[in-house]
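Now for the letters of each chain:
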Amino acid sequence: KMLHNNCRGGIYQSSKVQRFQVPDDKVDWSIDYPEYNPPDYTSSVVVGKPWADLDIDDPSFKPKWNQIDGKINRHCHNGIYKFDDNNRPINPAGRTGIRGRGLLGRWGPNHAADPIVTRWKRDIAGNITINNESKKQILQFIGIKRKDTGEWAIPGGMVDAGEVISLTLKREFMEEALNSIGKTPEQLSIITDSINKLFSNGEEIYKGYVDDPRNTDNSWMETCAMNFHDDDGSLVGSIPLEAGDDASNVRWIDIEQNLNLYANHINFIQLTVEKKKAHW
Ligand code: RP5
Ligand code: MG
Ligand code: MG
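Reading the values: the criteria
Sequence order as written defines residue numbering, which begins from 1 separately in each chain. Note on labels: chains are lettered from A, ligands numbered from 1, in written order. Local features are withheld for residues below a pLDDT of 70 in this predicted model, meaning they are given only at 70 or higher, and side-chain atom pairs are given and counted only at 80 or more; totals for whole chains, interfaces and linings count all residues. Derived side-chain values reflect all non-hydrogen atoms in the structure, with water molecules and hydrogen atoms excluded from consideration. The cutoff for a nearby residue is simple: one of its non-hydrogen atoms must lie within 4 Å of the molecule or strand. Any N or O atom pair separated by 3.5 Å or less is treated as a polar contact, with the protein-specific requirement of one donor-capable and one acceptor-capable atom, and with residues adjacent in sequence counted only for side-chain atom pairs. Here the open area of atoms and residues is found with the Shrake-Rupley method and a 1.4 Å probe, where only the protein chains shown may cover a residue. Only N, O and S atoms count as donors, using a 2.8 Å limit from the metal and a wider 3.2 Å limit for Na, K and Ca, and since water is excluded some coordination spheres may look unfilled. Only runs of H or I of at least four residues qualify as helices and only runs of E of at least two qualify as strands under DSSP, and these elements are numbered from the N terminus. Under the scheme applied here, a residue whose accessible area is under 20% of the maximum for its type counts as buried, over 50% as exposed, and between as partly exposed, the area being computed with a 1.4 Å probe on protein chains only. For this analysis, a salt bridge means a side-chain nitrogen from Lys or Arg found within 4 Å of a carboxyl oxygen belonging to Asp or Glu. Pairing between strands is defined by DSSP: at least two bridges between the two strands are required. To estimate the expected span of a helix, subtract one from its residue number and multiply by 1.5 Å. The contact criterion used is simple: two residues touch if any of their non-hydrogen atoms lie within 4.5 Å. Only rings of Phe, Tyr and Trp enter the pairing, Trp through its six-membered ring, and a pair is recorded when the two centres are within 6.5 Å. The plane angle decides the type: under 30 degrees is stacked, over 60 is edge-to-face, the rest tilted.

A closer look at the site of ligand 1
Neighbouring ligand 1 are the residues Ala 112, Asp 114, Arg 146, Gly 156, Gly 157, Met 158, Val 210, Asp 212, Arg 214, Met 221, Tyr 262 and His 265. In the environment of ligand 1, an oxygen atom lies 2.5 Å from a nitrogen or oxygen atom belonging to the side chain of Asp 114. One of the side-chain nitrogen or oxygen atoms of Arg 214 is found 2.7 Å away from an oxygen atom of ligand 1. A total of 360 Å² of accessible area belongs to ligand 1 in isolation, and the protein chains cover 94% of it.

Section: the coordination of the magnesium ion (ligand 3)
In the first shell of the magnesium ion (ligand 3), the protein supplies Gly 156 (O) and Glu 176 (OE), at 2.2 Å from the metal. Taken as a pair, the magnesium ion (ligand 3) and the magnesium ion (ligand 2) show a spacing of 3.3 Å, with Glu 176 coordinating each metal. In this pair, Gly 156 sits in the loop between β7 (152–153) and β8 (157–158) while Glu 176 sits in helix α1 (residues 165–177), placing the two residues 20 residues apart along the sequence. Assessed through its relative accessible area of 11%, Gly 156 is described here as buried. On the basis of relative accessible area, Glu 176 is assigned to the buried category, the value being 2%.

Some words on the coordination of the magnesium ion (ligand 2)
The reference angle at a metal is 109.5 degrees if four donors form a tetrahedron and 90 or 180 degrees if six donors form an octahedron. With distances of 2.1 to 2.8 Å, the protein atoms coordinating the magnesium ion (ligand 2) are Glu 172 (OE), Glu 176 (OE) and Asp 246 (OD). Within one chain, the residues donating to the magnesium ion (ligand 2) are spaced in sequence as E-x3-E-x69-D. Residue Asp 246 is classed as partly exposed on the basis of its relative accessible area, which comes to 41%.

Topic: the pattern of salt bridges
Taken as a whole and assessed by the stated rule, the structure comprises 17 salt bridges. Note that Lys 121 is salt-bridged to Asp 254, the shortest N-O span being 2.5 Å. Residue Lys 121 is located in the loop between β5 (108–120) and β6 (139–146), and its partner Asp 254 is located in strand β11 (residues 247–254); the two are separated by 133 residues in the primary sequence. Classification of Lys 121 by relative accessible area gives partly exposed; the value is 24%.

Structural notes on the pairing of β5
Counting buried residues in β5 gives 12 out of 13 residues, a clear majority hidden from the surface. For β5 and strand β10 (residues 219–229), the ladder comprises 11 bridges, and the chain directions are parallel. Note on β10: the bridge partner recorded for Pro 109 is Trp 220. As paired strands, β5 and β8 are joined by 2 bridges and run antiparallel to one another. Bridge pairing in β8 links Ala 113 to Gly 157. Bridging between β5 and β6 involves 3 bridges; their strand directions are antiparallel. By the bridge assignment, Trp 120 is partnered in β6 with Leu 139.

As for α1
When the terminal C-alpha atoms of α1 are compared, their 18 Å separation across 13 residues agrees well with the 18 Å that a helix rising 1.5 Å per residue should span. Tucked into the core, α1 has its buried residues touching β5, β6, β8, α2 (185–199), β10 and β11. Following α1 by one or two positions, Asn 179 adopts a phi angle in the positive range, close to 50°.

Thoughts on the packing of aromatic side chains
Tallied over the full model, the rule gives 13 aromatic pairs. Consider the rings of Trp 65 and Tyr 81, whose centres lie 6.4 Å apart with planes at 80°: the pair is edge-to-face. Residue Trp 65 is found in the loop between β1 (40–42) and β2 (68–69), and its partner Tyr 81 is found in the loop between β3 (72–73) and β4 (99–102); the two are separated by 16 residues along the sequence. Trp 65 sits in the buried class, given a relative accessible area of 19%. Their ring planes at 55° and their centres at 5.4 Å tell us that Phe 173 and Phe 199 sit as a pair that is tilted. Linking Phe 173 in helix α1 with Phe 199 in helix α2, this pair joins segments that are 26 residues apart in sequence. Just as Phe 173 is buried, Phe 199 falls in that class too. Put simply, the rings of Phe 61, Trp 65, Tyr 81, Phe 83 and Trp 220 touch in pairs and so form one group of aromatic residues.

Written as structure tokens, this is what we have:
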């Protein structure tokens, strides 16, 4: 059974709202919990935004739950989600101690995409580096430092309405790891070929619920994580990293099991390591 950890207890991000503390054995909705009385919170950042839903009680809000609703994907990768007594979708990974949408735009699933761009770690001479203990090759991925929490993360982002995932993956990578928004079309045209080549050959790593700190009882993150591996390092070597948009920093990170990453991104990194049989 899929249960979460990062969206329980503490103060909700960018707010003064305290989550109702849910003990481990009460996270699952199927466990009776009559004392459960979480605050209802939707950030003012979300209200009225074109990328966000209307209020759940707004008479003109007529979502088609658990399916593709026009340009919005309201389908959950992990199965059919259910509803509470107020007809709000409920988080498939259990109680979070807060109702409403918090910082998330959509009721129910909020779909994102995570591009995991990797290469083998090499020494100055260009030889692939091996870890002394595991005797395995060391994988590196391009990580960004998130402006909101200050944590290192995969440079992922939300799927725009009507956007295909393959475009989200490339767009978010370019915005956060290459600062495409701050570049001229001329500057961008130089890297377009390598980027297109790199993103033409991806491997699916994970699809489903994300243990994201912004999740609430009624809104949650889901992602599609894809690995884009540059085996001989020739493509990514020519791409100049520059943090942009929601990122304050960007760098190649040596992968190992003790990395501290945002949400449960370490799980997606581990799955990539297993596929590549790299050092962990
Ligand atoms: C995480 O939030 C996803 O895995 C993705 O990395 C990210 C998307 O949200 P923003 O980066 O747009 O805030 O749940
Ligand atoms: Mg972004
Ligand atoms: Mg992002």
